[in-house]
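# Descriptive analysis of the structure
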Amino acid sequence: MADPMKIRAVLKGDTVDVRVLMNHPMETGQRKDGGGNLIPLHFIQEITVRLNGKAVIESQISQAVSRNPVFSFRVKGAKAGDKLQISWLDNKGDRNSTEAVIG
Amino acid sequence: MNQSRRKVLQRAGTAGALAAAGVLRPQDLLAAGWNKDAFSAKTLADALKNIGAAGAGDSKDIVIEAPQIAENGAVVPVEVTSNLPDTKSIVVLVEKNPFPLVAKFDFLEGATPFVKVNVKMGESSNVRVLAEAGGKYYSAVKEVKVTIGGCGG
Amino acid sequence: MRLARLSTAAAALASVGAIALAQDTKKEIEKYQRMISEASPVELFELEGEALWKKKQGPKNASLEQCDLGLGASVLKGAYAHLPRYFGDADRVMDLEARLLHCMITLQGRTRDEATQRVFGNEDKLSEMEYLSAYVAGQSRGVKMAPGLAHPKEQAAFELGRKTFFYRAGAWDFSCASCHGEEGKRIRMQELPLLFKPEFARPVVATWPAYRVSNSQFKTMQWRLNNCYQQMRYPEPNYASDITVALTLFLTATGEGEPYRGPGTKR
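No experiment lies behind these values; they were computed from the predicted model shown. (Residues numbered from 1 in each chain as written. Chains lettered and ligands numbered in written order. Predicted model: local features only at pLDDT ≥ 70, side-chain atom pairs only at ≥ 80, totals over all residues.)

What follows covers the overall build of chain B. Counting its regular elements, chain B contains four helices and nine strands. Listing every helix and strand of chain B by position from the N terminus yields α-α-α-α-β-β-β-β-β-β-β-β-β. For chain B, buried positions account for 40% of its 153 residues. (Helix = DSSP H or I, 4+ residues; strand = E, 2+ residues; numbered from the N terminus. Buried ≥ 20, exposed ≤ 12 C-beta atoms within 10 Å, placed from the backbone.)

Shown next as structure tokens:
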């Protein structure tokens, strides 16, 4: 089962306020586990926000973004019924994405 | 970011095909869009240089909303609005982090130049934000003090 | 390491106890607390909790959906805000976790040992109890805190909780009131709320269970009390024991009337 991801998309006029919650350890590679071993670098590198399939925001982030990242964006020209899709790719090649219909 | 590489990726299709064709090295496969040099830079100056923003002038049209005091450096909320016309991207850096570059957001058609992100800060530092508008980079800064609260429990 | 930290805490408490934070410092910290609450991953834990609530488990291969949290079987909305309360079927006052445990045992046929094997999780994986607590608590958003106080056992639990709050014992002769009993106290940059006064208890009871950004862990009231006992150098209380429920009832009753804000996000 993929880790949950959640989008909240609230329409204000023709702009959507988007908040996305992501489950990800965002390990910096500096933390040690119980046995004193370094936990390897594991973090989301790229995030794409799409409106009705078209990319509107592309982001590159580092391991310095907090664990279980939460982002807020604003997308113009949206209307009720439009589809918002957010996806991420991490440094291990894992991906996740979720969709929300703008209400 | 290497523009010719991106063009190759867009034309070629699957990552597997690209690897087989010898165009991508294994470690490039999935991070082709991620600016490794900029994210690995250990000083603010190097990070700025790597994203092409060295010498960015200050601008009051970049608004940073962040707490002056963070109870813990693991999560520091930073909200940025750029009122510069034609803002194409926003970049967030934490000057005293081991690797200052934290995030870059590119706004394609339809996105407002606004973002809120939670960043990790190793110690009290300036949070530096850049906005790319009209082909130039502009800068703003806000100091955030990182404290530790509580009894460790 | 812990011993050194605790003795530093005690010394710090003694020396800076009466010095409250400056007003503008306090305002900036409140801004931080507000901003992290607005950008919190807790809803993801609520989603996981919902899946666990509906998951068939145990020898009886049953979900928790028929659990009566005080407002009737399967009623979730507002249930958390009305806890702790007396339950006739168990003849006991119970808090959320005690009641969830009861339902795991009676509805799912699980043993107490198995169900409490891992009650406190970590940053990589919350415990089942933590996910469930997030979900159930989230269903009380906006509902005023109103624990049970009419039944004789509820009243007895309140009294036990109040007495325990002020009762000094343990290796350092601490009580809850040692840290939470005097206005203006703090440990390092964190203010210590005066928990036996409504004005200070209200925002606290309205924001637990909570996500702790300092360790990325989601923590419940049972954990909070357990950890306080450790900090005070007491033996750890048994999970969901009468004394922990009594303390939670005392604290919640002291903060009653406050609309529940949903699982919180804290430093």
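Most of strand β7 (residues 111-119) of chain B is tucked away: eight of the nine residues are buried. As paired strands, strand β5 (residues 70-76) of chain A and β7 of chain B are joined by four bridges and run antiparallel to one another. Following the sheet pairing, serine 72 of chain A is matched in β7 of chain B by lysine 116 of chain B. The pairing of strand β4 (residues 76-82) of chain B with β7 of chain B spans six bridges and is antiparallel. Residue pairing for β7 of chain B: valine 80 of chain B is matched across the bridge by valine 115 of chain B. (Pairing = 2+ DSSP bridges.)

In this section: the interface of chain C and chain B. With 21 residues of chain C at the contact, the number on the chain B side is 18 residues. Elements that contribute at least two residues to the side of chain C that touches chain B include exactly α1 (2-16), α2 (23-38) and α10 (221-231) of chain C. The class makeup of the residues in the side of chain C that touches chain B is nine nonpolar, seven polar and five charged. (Contact = placed C-beta atoms within 7 Å. Nonpolar A, V, L, I, M, F, W, Y, C, P; charged D, E, K, R; others polar.)

Residues and elements named next belong to chain C. Taking 1.5 Å as the rise per residue, α2 with 16 residues should run 22 Å; its terminal C-alpha atoms sit 23 Å apart, in good agreement. Turning to α2, its buried residues number three or more, namely Ile29, Tyr32, Met35 and Ile36. The buried residues of α2 occupy an angular sector of 120° when projected down its axis, which confines them to one face. For α2, exposure combined with an orientation more than 90 degrees from the buried face picks out Gln23, Asp24 and Arg34. (Expected span 1.5 Å × (residues − 1). Arc of directions from axis to C-beta.)

This paragraph deals with the sheet that holds strand β5 (residues 210-212) of chain C. All names here are of chain C. Read from one edge of the open sheet, three strands run β6-β5-β7, paired in mixed fashion. Among the strands making up the open sheet, the edge pair consists of β6 (217-219) and β7 (264-266). Put simply, the sheet's adjacent strands are angled 30° from each other on average, direction ignored. Two elements, β5 and β6, share three bridges in a ladder whose sense is antiparallel. (Axes fitted to C-alpha atoms, helices over the stretch in contact; angles between N-to-C directions.)

Turning our attention to α10 of chain C. All names here are of chain C. Burial analysis of α10 places eight of its eleven residues in the buried class, the great majority of the element. Met221, Gln222, Trp223, Arg224, Leu225, Asn226, Tyr229 and Gln231 are the residues of α10 that are buried. Within two residues after α10, arginine 233 carries a phi angle of roughly 65°, on the positive side.

Let us look at the nonpolar core. In terms of nonpolar packing, the biggest core is built from 132 residues, with Phe73 and Val75 of chain A together with Val92, Val102, Val119 and Val129 of chain B touching the most fellow members. In contact with valine 92 of chain B, not counting residues within four places along its chain, are Val78, Val80, Val102, Ala103, Val117, Val119, Val127 and Val129 of chain B. (Core = buried A, V, L, I, M, F, W, Y, C linked by C-beta atoms within 7 Å.)

As a further point, take the interface of chain A and chain B. In this complex, chain A contributes 27 residues to the contact, which on the side of chain B involves 30 residues. Those elements that place two or more of their residues in the side of chain A that touches chain B are β3 (44-51), β4 (54-61) and β5 of chain A. Among the residues forming the side of chain A that touches chain B, the class breakdown is 13 nonpolar, ten polar and four charged.

What follows is about the packing of helix α4 (residues 96-106) of chain C against helix α6 (residues 128-138) of chain C. Residue and element names in this part refer to chain C. Viewed as axis vectors pointing N to C, α4 and α6 meet at an angle of 115°, and their least axial separation amounts to 11 Å. On the basis of the axis angle, α4 is roughly perpendicular to α6. The crossing of α4 and α6 is right-handed. Here Leu96, Glu97 and Leu100 of α4 lie close against α6, whose contacting residues are Met129, Leu132, Ser133 and Val136. (Parallel < 35°, antiparallel > 145°, perpendicular 65-115°, else oblique. Left-handed = near helix turned anticlockwise from the far one by under 90°.)

Another aspect to go through is the packing of helix α9 (residues 198-205) of chain C against helix α11 (residues 242-254) of chain C. All names here are of chain C. Interhelical geometry of α9 versus α11 gives an angle of 110° and a closest axis separation of 7 Å. In terms of orientation, α9 and α11 fall into the roughly perpendicular class. Together, Pro198, Ala201 and Val205 of α9 and Leu251, Thr252 and Thr254 of α11 make up the contact between the two elements. The residue makeup of the contact of α9 with α11, split by class, is four nonpolar, two polar and no charged.

Before going further, it helps to examine the confidence of the model for chain A. Here chain A averages 94 in pLDDT, and 98% of its residues register 70 or above. Here strand β1 (residues 5-12) of chain A stands out as the least confident element of chain A, with mean pLDDT 95; β3 of chain A is the most confident, with 97. (pLDDT = per-residue confidence, 0-100.)

Let us now look at unusual backbone geometry. Residue and element names in this part refer to chain C. In this chain, leucine 83 is followed by proline 84 through a cis amide linkage whose omega measures -5°. Looking at where proline 84 falls in the secondary structure, it is placed in the loop between α3 (42-53) and β1 (85-87). Look at the link from tryptophan 208 to proline 209: it is a cis peptide, with omega at -5°. Relative to the helices and strands, proline 209 is located in the loop between α9 and β5. Phi is positive for alanine 240, which is not a glycine, with a value near 60°. Position of alanine 240 relative to the elements: it lies in the loop between α10 and α11.

What follows concerns the sheet that holds β4 of chain B. Within a sheet, adjacent strands bond to each other through the backbone by hydrogen bonds, running parallel or antiparallel. Taken in spatial order, the six strands make up an open sheet running β1(A)-β2(A)-β5(A)-β7(B)-β4(B)-β2(B), and their pairing is antiparallel. Looking at strand neighbours, the two that pair on one side only are β1 of chain A together with β2 (62-65) of chain B, the edges of this open sheet. Each strand of the sheet is rotated relative to its neighbour by a mean of 15°, with strand direction disregarded. Judged from the eight bridges that link them, β1 of chain A and strand β2 (residues 15-22) of chain A form a sheet pairing that is antiparallel. Along β2 of chain A, the bridge assignment pairs leucine 11 of chain A with valine 16 of chain A.

On to the pairing of strand β6 (residues 101-107) of chain B. Across the seven residues of β6 of chain B, six count as buried, placing the element largely inside the fold. The sheet contact formed by β4 of chain A and β6 of chain B spans five bridges and is antiparallel. Bridging across to β6 of chain B, glutamate 58 of chain A finds its partner in aspartate 106 of chain B. Sheet analysis places strand β5 (residues 87-94) of chain B next to β6 of chain B, joined by five bridges and oriented antiparallel. Among the inter-strand pairings, leucine 93 of chain B is bridged to a residue of β6 of chain B, identified as leucine 101 of chain B. Hairpin connection, β5 of chain B to β6 of chain B: the antiparallel pair is bridged by six residues.

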